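Okay, here's what each chain looks like letter by letter:
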Amino acid sequence: MRHGDEIETPRGPARVDTDLPGAGCATLLVLGHGAGGDVDAPDLIAVRDAVVEAGVGVVRVTQPYRVAGRRAPAPAGHLDEAWRAVLAALRERHPTVSRWVVGGRSSGARVACRTAGSVGAAGVVALAFPLHPPGRPERSRADELRTGLPTLVVNGDRDPFGVPEPGPGVAVVVRPGERHDLRGDPAGTAAVVRDWLRARGWTPG
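Participant: What is the right way to read the packing of helix α1 (residues 42-53) against helix α5 (residues 186-199) from this model?
Facilitator: Any two packed helices are characterised by the angle at which their axes cross and by the distance between the axes. Orientation of α1 relative to α5, taken along the N-to-C sense of each, is 45°, at an axis distance of 8 Å. The angle between α1 and α5 places the two elements in the oblique class. Like other packed secondary-structure pairs, α1 and α5 cross with a definite hand, here right-handed. Contacts from Pro42, Asp43, Ala46, Val47, Ala50 and Val51 of α1 reach α5 at Pro186, Ala187, Ala190, Val193, Arg194 and Leu197. When the residues that make up the contact of α1 with α5 are grouped by side-chain class, the tally is 10 nonpolar, no polar and two charged.

Participant: Sorry, what's going on with helix α3 (residues 76-93) here?
Facilitator: Look at α3: 26 Å from first C-alpha to last across 18 residues, which is about the 26 Å you get at 1.5 Å a residue. Among all positions in α3, only Leu79, Asp80, Ala82, Trp83, Val86, Leu87 and Leu90 are buried. For α3, the buried positions fall inside an angular range of 165° around the axis, keeping them on one side.

Participant: Just to check I follow, could you spell out the pattern of salt bridges for this structure?
Facilitator: Pairing between side chains of opposite charge can happen when their charged atoms approach one another. Tallied over the entire structure, the rule returns 16 salt bridges. For aspartate 43, the salt bridge identified is with arginine 105, shortest N-O distance 2.4 Å. Pair noted here: aspartate 43 is in helix α1 and arginine 105 is in strand β5 (residues 99-105), with a separation of 62 residues, a long-range link. Both residues of the pair, aspartate 43 and arginine 105, count as buried. Between arginine 146 and aspartate 143 there is a salt bridge whose closest N-O contact spans 2.0 Å. Here arginine 146 and aspartate 143 have matching classes, each one exposed.

Participant: Looking at this structure, I do not really get the environment of arginine 139. What am I missing?
Facilitator: Considering the arrangement of structural elements, one finds arginine 139 in the loop between β6 (123-127) and β7 (151-156). Excluding anything up to four places from it in sequence, arginine 139 contacts Leu131, His132 and Pro133.

Participant: Could you clarify how one ought to interpret the sheet that holds strand β3 (residues 27-32) in this entry?
Facilitator: Within a sheet, each strand pairs with its neighbour through backbone hydrogen bonds, oriented either parallel or antiparallel. Ordered in space as β1-β2-β4-β3-β5-β6-β7-β8, the eight strands form an open sheet in which the pairing is mixed. Each having just a single partner strand, β1 (2-9) and β8 (170-175) make up the two edges of the open sheet. Within the sheet, the average angular offset between the axes of one strand and its neighbour, ignoring direction, is 20°. Of the pairings in the sheet, the one linking β3 to β5 comprises six bridges and is parallel in character. Bridge pairing in β5 links leucine 29 to valine 101. In this fold α3 packs onto β1, β2 (12-19), β3, β4 (57-62) and β5, with an angle of close to 125° to the strand it touches most, β1. Here helix α4 (residues 107-115) sits on the sheet in contact with β3, β5 and β6, set at roughly 145° to β5.

The rules behind each value
- Residues numbered from 1 in each chain as written.
- Predicted model: local features only at pLDDT ≥ 70, side-chain atom pairs only at ≥ 80, totals over all residues.
- Heavy atoms only, no water.
- Axes fitted to C-alpha atoms, helices over the stretch in contact; angles between N-to-C directions.
- Helix = DSSP H or I, 4+ residues; strand = E, 2+ residues; numbered from the N terminus.
- Parallel < 35°, antiparallel > 145°, perpendicular 65-115°, else oblique.
- Left-handed = near helix turned anticlockwise from the far one by under 90°.
- Contact = heavy atoms within 4.5 Å.
- Nonpolar A, V, L, I, M, F, W, Y, C, P; charged D, E, K, R; others polar.
- Expected span 1.5 Å × (residues − 1).
- Buried < 20%, exposed > 50% of the residue type's maximum accessible area, 1.4 Å probe, protein only.
- Arc of directions from axis to C-beta.
- Salt bridge = Lys/Arg side-chain N within 4 Å of Asp/Glu carboxyl O.
- Pairing = 2+ DSSP bridges.

Functional significance is not addressed by these values, which are geometric in nature.
Rendered as structure tokens:
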């Protein structure tokens, strides 16, 4: 089942595109977009397709600043506030979902990491996590990955934003030849996410 509509947040309306398996689902993966991008990025679409086929629901969230037509991202606090409001609304919409996994690509991955604990997530999927601004490795954001929850990071080995190191609870899969957009092999990236969810017992069967 596919459905798209808007959810009101303190920062304006966010758009949600929901895809659910035909038989319903116990696990729902909520994904955010990159700073100047949208939820139709190739990696997000590929993850949606692979994960829904595996029996997990997917909601792709467009932040209010993008719904309003702006490309420049809102401040981190505004992004996090809107994200938490969307997650609260989604929980009301999907009361039978027992496991919530949050994630996204780039900026969306950072939002998911920063808020994972407060929204009651079971785990995090971080695609193209921007470890540092290009050429500025001293400005590391590695601390954002230390959520205390099972976390999967999928980055390209040619990503100018860097590649995080694995750590306790943080699995890092490096995709050869991929840059920050992960456009080279979206299906391969999606398979990594699907297999990680499956290995944790978060897919049916």
